[in-house]
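A structural walkthrough
Here's the letter readout for the chains.
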Amino acid sequence: MKKLISRRHFLAALGAAAAAGALSGCGGQAAQTNANGEHVFELTLSHGLAEDHAVHIALSSFADAVREQSEGTIDIQIFPNATLGSEVDNITQIRAGALDMAKVSASTLGNFQQEWNVLSVPYVFNDQQHYYNVMDGEIAQDLYQLTADKGFMGLTWMDSGARSFYTANKAIRTPADLKGLMIRTMDSQMAIDMMTALGGSATVTSYSEIYTAMQQGVIDGAENNVTALRDHADVTQYYCFDEHTRIPDIVLMSTETWNAMSDHQREIMSSCARTMTEDYKTAWTEFENEVLATAEEKGVELIYDVDLAAFQEACQSIYTDLQAEQPEVYAYVERIQQAAQ
């Protein structure tokens, strides 16, 4: 296990390097080159999850593969546990040249480029296969490039499952069951609008506050993928598979770092990233199954008989509003829906 330096000292060091121009003009690029004239890179990759999480394990394997295939010209050091700050912090650091890579939620990217909000639209994907097809195809590739001129780009994606409602005292089978309930959501306008459309009340709090808030009755439940039950099974009675959104994680990379690489190095990064994404689909499913089995042992009831058609119908106002107010986002909604045909 790598020894983690403090966030404050690490950011100070990176900030100093960025302020000095990083010598080579690029956050992760060293001055030295190999026998083929390729630059040697020591890259930093940040994410907010623990070292025993499937995300960290997958990213570590990716870093190992890149190191091996590049014959050591690309070394990726991973900083988990939000050591280097929040996802918004990480994107800001990449743009400032103080960080090379980060794993962030697609919902966070909507704060920097509104088209990314399309992946947070409720029921924009018909099912898992539709979701996979879109994220493995041209639509995702187009999204990756939208922020290239802002200093960062998408490299690949990681499955984050479907988000559903889980509650302390009441099973959710129809939108009507949400009436009067306080449900924790992400700090996302799309998530808040969804709760309004479904008849519940959105409460924005940090993830770390959910357990206590549910335990004390401050909130009635939350919405997340099933792995949230690792932390919240003790205060959850029902997990209800309405699967309202499928929001992927995105592995970002500094455009400046990417452009400084040779074609050979970029192909290694892309190839290893594709392999990781494909392998992670299986790893994520296994991770979900393990969490669900443990949650059931703790008494969480899994509710599958959910009226999906009723939930989809209740969310139609979001599509109408997007078409009128955010045509750029709605254009991607149409592309995604056409991809299911």
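Residues numbered from 1 in each chain as written. Predicted model: local features only at pLDDT ≥ 70, side-chain atom pairs only at ≥ 80, totals over all residues. Heavy atoms only, no water.

Under an unreviewed UniProt entry, the name given to the protein is TRAP transporter substrate-binding protein, and the source organism is Candidatus Faecalibacterium intestinigallinarum.

**A few points about the pattern of salt bridges**
Selection criterion: Whenever a carboxyl oxygen of Asp or Glu lies within 4 Å of a side-chain nitrogen of Lys or Arg, that contact is scored as a salt bridge. Going along the chain from the N terminus, every DSSP run of H or I of four or more residues is numbered as a helix, and every run of E of two or more is numbered as a strand. Burial status follows relative accessibility: with a 1.4 Å probe on protein chains alone, a residue under 20% of its type maximum counts as buried, one over 50% as exposed, and anything between as partly exposed.
Across all of its chains, the model carries 15 salt bridges by this definition. In this structure, the salt-bridge partner of D305 is R173, at a minimum N-O distance of 3.0 Å. Of this pair, D305 sits in the loop between β12 (301-303) and α12 (308-314) while R173 sits in the loop between β6 (163-167) and β7 (182-185); the two residues are 132 residues apart in sequence, bridging distant segments of the chain. Taking relative accessible area as the criterion, D305 reaches 53% and is therefore assigned exposed. Note on R173: relative accessible area 31%, which makes it partly exposed. In this structure, R266 and D263 form a salt bridge, with 2.4 Å as the shortest nitrogen-oxygen distance. Linking R266 with D263, this pair stays in helix α11 (residues 263-297), spanning 3 residues, or about one helical turn. D263 gets classed as exposed once you look at its relative accessible area, which sits at 59%.

**Topic: the environment of A324**
Along the chain, the position of A324 falls in helix α13 (residues 316-325). A residue is classified by how much of its surface remains accessible, and A324, at 65% relative accessible area, is exposed. Taking the C-alpha atoms as reference points, A324 and G154, 170 residues apart in sequence, are found 28 Å from one another.

**Quick notes on the layout of surface pockets**
Note the threshold: Here the term cavity refers to a set of points on a 1 Å grid, laid over the protein atoms alone, in which a 1.4 Å probe fits but cannot get out; the term pocket refers to an open set having protein on both sides within 12 Å along at least five of seven lines, with lining residues being those that place an atom within 4 Å of a point. Grid points are joined across faces, edges and corners, and a volume is the space filled by probe spheres set on the points. Charged residues are taken to be Asp, Glu, Lys and Arg, nonpolar residues to be Ala, Val, Leu, Ile, Met, Phe, Trp, Tyr, Cys and Pro, and polar residues to be all remaining types, Gly included.
Each pocket or cavity is described by its volume, and for the largest pocket that value is around 1,400 Å³. Taken together, 49 residues make up the lining of the largest pocket; nearest its centre are E87, S105, S107, R163 and M186. At the level of secondary structure, the elements contributing two or more residues to the lining of the largest pocket comprise α3 (87-95), β4 (101-105), α4 (106-109), β7, α7 (189-198), α9 (229-232) and α13. For the lining of the largest pocket, a count of residues per class yields 13 nonpolar, 25 polar and 11 charged.

**Observations concerning helix α2 (residues 54-69)**
Note the threshold: Here a helix's expected span is defined as the number of its residues, less one, multiplied by 1.5 Å. Contact definition: two residues touch when any of their heavy atoms are within 4.5 Å.
With 16 residues, α2 ought to run about 22 Å at 1.5 Å a step, and its terminal C-alpha atoms sit 23 Å apart, in line with that. Residues of α2 that are buried include every one of A54, V55, H56, A58, L59, F62, A63 and V66, and no others. Where α2 is buried, its residues touch β2 (39-46), β3 (74-79), β4, β5 (152-158), β11 (249-254) and α11. E71, located one to two residues past α2, shows a positive phi value of around 55°.

**With respect to the pairing of β3**
When a strand is regular, its side chains alternate between the sheet's two faces. Here is the rule we go by: Pairing between strands requires that DSSP locate at least two bridges from one strand to the other. With strands facing away from the observer, any crossover in which the path from the first strand over the helix to the second runs clockwise is taken as right-handed.
Looking at chain direction, β2 and β3 are connected through 6 bridges and run parallel. Across the sheet, the residue bridging to S46 is F79, located in β3. Regarding the hand of the β-α-β motif, the stretch spanning β2, α2 and β3 is right-handed.

**Considering the packing of α2 against α11**
In a pair of packed helices, the angle between the axes and the distance between the axes together describe the arrangement. Selection rule: To obtain each axis, a line is fitted to C-alpha atoms, and for helices this fit is confined to the stretch in contact; angles are then taken between N-to-C directions over 0 to 180 degrees. Any angle between 65 and 115 degrees counts as roughly perpendicular, while under 35 counts as roughly parallel, over 145 as roughly antiparallel, and the rest as oblique. Left-handed describes a crossing whose near helix is turned anticlockwise from the far helix by less than a right angle; the clockwise case is right-handed.
Across the interface, α2 lies against α11 with an axial gap of 9 Å and an inter-helix angle of 155°. When the axis of α2 is compared with that of α11, the two are roughly antiparallel. Considering only the axes of α2 and α11, their crossing is right-handed. Facing A54, V55, A58, L59, F62, A65, V66 and Q69 of α2, the residues of α11 in contact are I268, M269, C272, A273, M276, Y280 and F287. When grouped by side-chain class, the residues that make up the contact of α2 with α11 number 14 nonpolar, 1 polar and no charged.

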